[in-house]
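# An overview of the molecular structure
The lines below spell out each chain.
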Amino acid sequence: MRACALLRDAASEQELGSKMNAANPDDKPEDESQLTSPASRKPAPELDVRIQHAIGRSLQAHYNDLLSAPIPDRFLALLAELEAKESRNGE
Amino acid sequence: MANDGAPEKPKPTTDQRSFRDLLISEIPNLRAFAASISGSMQNADDLVQDTLLKAWGHEASFTPGSNIRAWLFTILRNTYYSIYRKRGREVQDTDGIYSEKVVQRPSQESAMELADFRKALAKLPEDQREVLILVGASGLSYEEAATICGVAIGTIKSRVNRGRAKLAELLGITGAEDIGPDHTILAASQTVGHVVSR
C-alpha cells in the first residue's frame, strides 16, 4: 500500500516535471548552473522588457560584427583540399 | 573529375559540392560562435578548423534537411569543451580580440558601446554566455540550443534569464531610464570601466 502511494507520487512528480519543462519554468533554479555560477543561485529578477530588448540588440551587434568578417582563405583552401583528396581516392 | 564519364550518376559530385558549400556558408557563424565562447580569435579559428575537419569526416551523421548550423555548433562546442578549454582562458584579451572589427563600427560612440558590452559578456559564466549567443544572436531556437548544450529547454530559459540579469548588472543598468531613446545602453561606459579594470 505504502509502496503504491510512493509510486503514484513519483509518477505524478515526473508528470509535473515534464509539464514544467514544456511550460515555462523560467525562474526555476536548476542544479547544473548553480555549479558553474555560484552567484546565480538567486532567481533572476524580472528585467524590464526594454532592458531585455536593449541587451538583445547589443548581443546582435556583437555577433553581427563578427559575422561581417571576411572568410579567411585557410578555410576555403582546407575544404578544397579535402574535396580534392576525396575525389582522388574515389578514382 | 572528367565530365565525359558516367553522366547518369553525377550525384556524388553534386552532393559533395553542396555539402562543401553548406560548410562554407556556415563559416562566419562558426567563427562568431567560437570567438564568443572561447574569447579569442586565435582559438576561434583553430576551433573552426577542427570543426570543419570533423564535419567533413562525419558527413554521414548529418541528416540532410536538418539545421546544419545546429549540427556544426554541437561539434564545435564539444571540441571546445574537450580540448580548448583545458588550455585555459588566460589567453583571453577582451580588449584585443575584436579590435580589428571594432574600428569598423559606424561611429566612435557605438564602437565604445560594443567594446564595453563585450567586456561585460566576457565576464559572464560561460554557460550563460553561450546560451545568450545561441538563442539571442545566432538564430537558433531554444530547442536547438537545448540539444546543442545537452540540457532541458527550461535550463536554457533560466540561463538566458540569469545571463541577461547579470549583463544588466555588469553594465550598470538598474532601470529603463538607463536605456537611451534609441534603445542603446547609456550606463555602459561609466560602470564597466570600474568593473573591468584589472
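As the structure is a prediction and not an experimental result, all values here were calculated from the model.

## Looking at the confidence of the model for chain B
Residues and elements named next belong to chain B. Across chain B, pLDDT averages 79, with 69% of residues at or above 70. Note on residues 1–14: pLDDT is under 50 here. Beyond four places in sequence and across chains, it has three contacts. Segment residues 187–198: pLDDT under 50, and 21 contacts once partners within four positions in sequence are set aside and those in other chains are kept. For this predicted complex, the interface score ipTM comes out at 0.78, alongside a pTM of 0.71.

## Here we look at the side chain of Glu26 of chain B
All names here are of chain B. Locating Glu26 in the fold gives a position in helix H1 (residues 11–38). Residue Glu26 is classed as buried on the basis of its relative accessible area of 8%. A polar contact is formed between the side chain of Glu26 and the side chain of Arg69, at a distance of 2.8 Å. Among residues more than four places away in sequence, those in contact with Glu26 are Ile68, Arg69 and Leu72.

## What to know about the packing of aromatic side chains
Residue and element names in this part refer to chain B. Going through the model one piece at a time under the given rule, you end up with six aromatic pairs over all chains. Aromatic pair Phe62 and Trp71: ring centres 5.1 Å apart, planes at 45 degrees, arrangement tilted. The residues Phe62 and Trp71 share a single accessibility class, namely buried. The rings of Phe19, Trp56, Phe62 and Trp71 are connected pair by pair, giving a single aromatic cluster.

What counts, and at which threshold
- Per chain, the residues get numbers from 1 upward, laid out in the order the sequence is written.
- All chains are assigned letters beginning with A, and all ligands numbers beginning with 1, in the order in which they are written.
- Since the coordinates come from a predicted model, pLDDT governs what is reported: local features require at least 70, and pairs of side-chain atoms require 80 or more to be given and counted, while whole-chain, interface and lining totals use all residues.
- Heavy atoms from the whole structure form the basis of all side-chain values; hydrogens and water molecules are not counted.
- Looking at any residue, its pLDDT shows the predictor's confidence there, from 0 to 100.
- In what follows, residue pairs with any heavy atoms lying within 4.5 Å of each other are defined as contacts.
- Counting from the N terminus, the helices are DSSP H or I runs at least four residues long and the strands are E runs at least two residues long.
- Think of it in three bands: residues with accessible area under 20% of the maximum for their type are buried, residues over 50% are exposed, and the middle band is partly exposed, with areas taken using a 1.4 Å probe on protein chains only.
- Definition of a polar contact: a pair of N or O atoms within 3.5 Å, with one able to donate and the other able to accept a hydrogen when the atoms are protein atoms, and with sequence-neighbouring residues admitted only if both atoms are side-chain atoms.
- In this analysis, rings of Phe, Tyr and Trp, with Trp reduced to its six-membered ring, are considered paired at centre separations within 6.5 Å, and the interplanar angle assigns stacked below 30 degrees, edge-to-face beyond 60, and tilted for intermediate values.

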